[in-house]
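The lines below spell out each chain.
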Amino acid sequence: MEFVNSERFQSIFPFLMVSMKSGTSFYRVDSPTSMYRVGGSPIGGATVMGMARHMLPAKCSRTPADILRCGKTCDFSPLDLLVSDIYGGDYPSIGLKGNTVASSFGKANNKEQREHVKSSEIARSLMNLMSMNTAQLAYLHASLYGIDNVVFVGYLLDTHLLQVFSSIQSSFNFWTGGRMKALYFRHAHYLGALGALLKRESTLATMTPGRELIPCDTVTLEQSLLDERLTNLNVSVNTASKIRKNTVQPWELDEDDDEDELTPVLPRQLEG
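Predicted, not measured: the structure shown is a model, and the values here were computed from it. (Residues numbered from 1 in each chain as written. Predicted model: local features only at pLDDT ≥ 70, side-chain atom pairs only at ≥ 80, totals over all residues. Heavy atoms only, no water.)

(A) Representation of the overall build of the chain within the structure. Along the chain, the regular secondary structure elements total 10 helices and eight strands. Evaluated residue by residue, the chain yields a buried proportion of 42% over its 272 residues. A separation of at least 24 residues holds for 61% of the contacts in the chain among residues at least 6 apart in sequence. (Helix = DSSP H or I, 4+ residues; strand = E, 2+ residues; numbered from the N terminus. Buried < 20%, exposed > 50% of the residue type's maximum accessible area, 1.4 Å probe, protein only. Contact = heavy atoms within 4.5 Å.)

And the structure:
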């Protein structure tokens with residue numbers, strides 16, 4: 001697992017940025033001021049949370065951390081259909097080992113398997129489904145553009161949820177054979193808040209008479225991703241953290257909500 005610091009940042013261009021949010025978006029980043037979206041997937045954080053809400057008890061589905069805590073009790077899920085289940089072992093002619101997942105939730109078609117399923121096994125399958133799909137698409141997009149460095153970001157990648165990192169890392173290594181590098185930012189889970197903050201500042205500058213508009217060339221990608229002080233805006237990461245902390249995520253429901261229903265929520269008012 002390799003994190004990018006400010007010194008290393010200058011040497012990784014071009015890189016593919018994989019943004020894991022409600023869905024998943026893929027961006028080619030050529031320089032601190034040049035990036036564009038090259039693809040996406042409807043499978044992302046909201047997908048996993050939505051499925052978890054339908055398939056898991058509340059204690060395992062309130063937040064991504066709940067899914068991880070629930071799923072970490074098993075190393076693999078008996079709900080996933082493996083290559084060995086189909087071919088009786090490895091499939092060397094196409095380079096597949098017997099323990100490779102051939103079909104996520106593939107064994108859930110079996111009635112007996114469903115009757116004895118555990119929450120931890122469902123959670124593990126959900127994690128495998130997300131990480132394997134994301135890692136494969138990241139590999140394919142990077143290969144298409146001849147890029148060796150792939151950076152994963154998004155609210156699912158909070159640094160204390162190391163199991164997400166390891167799951168993505170192992171899947172990415174499987175697809176790339178070690179030919180590409182999976183990289184991470186220390187504050188990957190704050191980037192959405194920082195981006196919203198930058199966008200808000202720019203919008204206010206255009207709407208408020210007398211407010212000076214910050215030149216685009218001073219708000220570079222490097223600053224928005226790595227400069228925790230955000231000196232051009234005189235805002236610190238602590239402020240971004242406060243915004244994120246006081247914002248209700250789509251999967252966060254009140255305790256008295258029916259756990260079988262998803263209800264829309266609004267951001268809490270930021271104090272101070």
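(B) Region of the structure containing the nonpolar core. In terms of nonpolar packing, the biggest core is built from 48 residues, with Leu16 and Phe152 touching the most fellow members. Looking at which element gives the most residues to this core, the answer is helix α6 (residues 119–144), with nine residues. If we ignore the near neighbours within four places in the chain, the residues touching Leu16 are Phe26, Tyr27, Arg28, Val38, Ala138, His141, Ala142, Ile147, Asn149, Val150 and Val151. (Core = buried A, V, L, I, M, F, W, Y, C linked by side-chain atoms within 4.5 Å.)

(C) Geometry of the packing of helix α2 (residues 45–55) against α6. Remark: α2 packs on α6, axes separated minimally by 11 Å, with the N-to-C direction vectors making an angle of 160°. If you check the angle between α2 and α6, you find them roughly antiparallel. Between α2 and α6 lies a crossing whose hand is right-handed. Of α6, the residues touching α2 (which contributes Val48, Met51, Ala52 and Met55) are Ile122, Leu126, Leu129 and Met130. (Axes fitted to C-alpha atoms, helices over the stretch in contact; angles between N-to-C directions. Parallel < 35°, antiparallel > 145°, perpendicular 65-115°, else oblique. Left-handed = near helix turned anticlockwise from the far one by under 90°.)

(D) The pairing of strand β2 (residues 15–20), seen in detail. For β2, the tally of buried residues reaches six of six residues, placing the bulk of the element in the interior. The side-chain alternation of β2 yields two buried faces, one formed by Phe15, Met17 and Ser19 and the other by Leu16, Val18 and Met20. Pairing between β2 and strand β3 (residues 24–31): six bridges, direction antiparallel. In the strand pairing of β3, Met17 is matched with Tyr27. (Pairing = 2+ DSSP bridges.)

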